[in-house]
Amino acid sequence: MSYATYEDVLKRWTSVEELMATEEQVTTLLEDAEDRILIEFPTLESKVTSGELRQETVIRVEVQMVMRHLKNPDGVRSAQMGAGPFQQTTTYGGEDPGTIYLTDDERRDLRGSTRSRGKVFMVDTVPPCSLPYDGWWC
């Protein structure tokens, strides 16, 4: 059972084209999305239960994953058509088109607040002066 529902997908569907999937298909895709998330974040449920991660964030990420798939189910990277003499080129493949996957931003969102972010720091590589300081240089 996924956090997101068919209605969550419908609420966020902004494409001009009508959603061309049944409720059952979307529900299955949402379950696939949650499965993909749980593979990378096995403690997701406890983070949501403890309040460390908002349930709305998980819903948003699941819906984004499913909508990416629904907008490009065949995994087309590029398509080109012509008119005379007839031409048609379709390029498939790549790393992720057409699949249910997590983007780096979505991974960051699902990590929640426990993950510390890198901080800028400086290491002084100049050794301290061994001579008395004369006001300008050692």
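Residues numbered from 1 in each chain as written. Predicted model: local features only at pLDDT ≥ 70, side-chain atom pairs only at ≥ 80, totals over all residues. Heavy atoms only, no water.

1. A look at the overall build of the chain
Each helix and strand counted, the chain has five helices and two strands in total. Counting from the amino terminus, helix and strand elements in the chain follow one another as α-α-α-α-β-β-α. Taking all 138 residues of the chain together, the buried fraction comes to 28%. In the chain, once contacts between residues fewer than 6 apart in sequence are set aside, the share between residues at least 24 apart is 65%. Working note: accessible area of the chain is about 10300 Å², and carbon and sulfur atoms make up 52% of it. (Helix = DSSP H or I, 4+ residues; strand = E, 2+ residues; numbered from the N terminus. Buried < 20%, exposed > 50% of the residue type's maximum accessible area, 1.4 Å probe, protein only. Contact = heavy atoms within 4.5 Å. Areas by Shrake-Rupley, 256 points an atom, 1.4 Å probe, with all protein chains shown as cover.)

2. A look at the packing of aromatic side chains
Under the definition given, this model contains zero aromatic pairs. The ring of Tyr 101 has Arg 68 lying over it, and the distance from NZ or CZ to the ring centre is 4.4 Å. Sitting above the plane of the Trp 13 ring, Lys 71 keeps its charged end 5.6 Å from the centroid. (Phe/Tyr/Trp six-rings, centres within 6.5 Å; stacked < 30°, edge-to-face > 60°. Lys NZ or Arg CZ within 6 Å of the ring centre and 35° of its normal.)

3. Focus: the nonpolar core
Membership of the largest hydrophobic core comes to 27 residues, with the highest contact counts inside it found for Val 9, Val 26, Ile 37, Leu 44, Val 66, Leu 70 and Leu 110. When contributions to this core are tallied by element, the ones reaching two or more residues are helix 1 (6–12), helix 2 (23–40), helix 3 (44–50) and helix 4 (55–71). Beyond its immediate chain neighbours, meaning those up to four positions away, Val 26 contacts Tyr 6, Val 9, Leu 19, Ala 21 and Leu 70. (Core = buried A, V, L, I, M, F, W, Y, C linked by side-chain atoms within 4.5 Å.)

4. Some remarks on the packing of helix 2 against helix 4
Relative orientation and spacing of two packed helices are given, respectively, by the angle between their axes and the distance between those axes. Relative to each other, helix 2 and helix 4 sit at 120 degrees, their axes nearing to 9 Å. Classified by the angle their axes make, helix 2 and helix 4 are oblique. Regarding helix 2 and helix 4, the two cross each other, and that crossing is right-handed. Contacts from Val 26, Leu 29, Leu 30, Ala 33, Glu 34, Arg 36 and Ile 37 in helix 2 reach Val 61, Glu 62, Val 63, Met 65, Val 66, His 69 and Leu 70 in helix 4. Split into classes, the residues belonging to the contact of helix 2 with helix 4 amount to 10 nonpolar, one polar and three charged. (Axes fitted to C-alpha atoms, helices over the stretch in contact; angles between N-to-C directions. Parallel < 35°, antiparallel > 145°, perpendicular 65-115°, else oblique. Left-handed = near helix turned anticlockwise from the far one by under 90°. Nonpolar A, V, L, I, M, F, W, Y, C, P; charged D, E, K, R; others polar.)

5. Notes on the packing of helix 4 against helix 5 (residues 104–111)
The N-to-C vectors of helix 4 and helix 5 enclose an angle of 160 degrees; their axes lie 10 Å apart at closest approach. Considered as vectors, helix 4 and helix 5 are oriented roughly antiparallel to each other. Handedness of the crossing formed by helix 4 with helix 5: left-handed. Contacts between helix 4 and helix 5 pair Thr 57, Val 58, Arg 60, Val 61, Gln 64, Met 65 and Arg 68 from the former with Glu 106, Asp 109 and Leu 110 from the latter.

6. With respect to the confidence of the model for the chain
Overall, the predicted model of the chain reaches an average pLDDT of 81, with 74% of residues at or above 70. Mean pLDDT in the chain bottoms out at strand 2 (residues 88–92), which sits at 67, and peaks at helix 2, which reaches 94. (pLDDT = per-residue confidence, 0-100.)

7. A word on the pattern of salt bridges
Side chains carrying opposite charge are able to pair once their charged atoms draw close together. Within the structure shown, the criterion is met by eight salt bridges. Taking the shortest distance from any N to any O, the salt bridge between Arg 60 and Asp 109 comes out at 3.0 Å. Within this pair, whereas Arg 60 is found in helix 4, its partner Asp 109 is found in helix 5, the two being separated by 49 residues in sequence. Salt-bridge contacts for Asp 104 lead to Arg 107; the nearest nitrogen and oxygen are separated by 3.4 Å. In this pair, Asp 104 and Arg 107 both sit in helix 5, three residues apart, roughly one turn of the helix. Here Asp 104 falls in the exposed class, since its relative accessible area comes to 62%. Shared partners join several salt bridges into a network, and the residues in it are Arg 60, Asp 105, Arg 108 and Asp 109. (Salt bridge = Lys/Arg side-chain N within 4 Å of Asp/Glu carboxyl O.)

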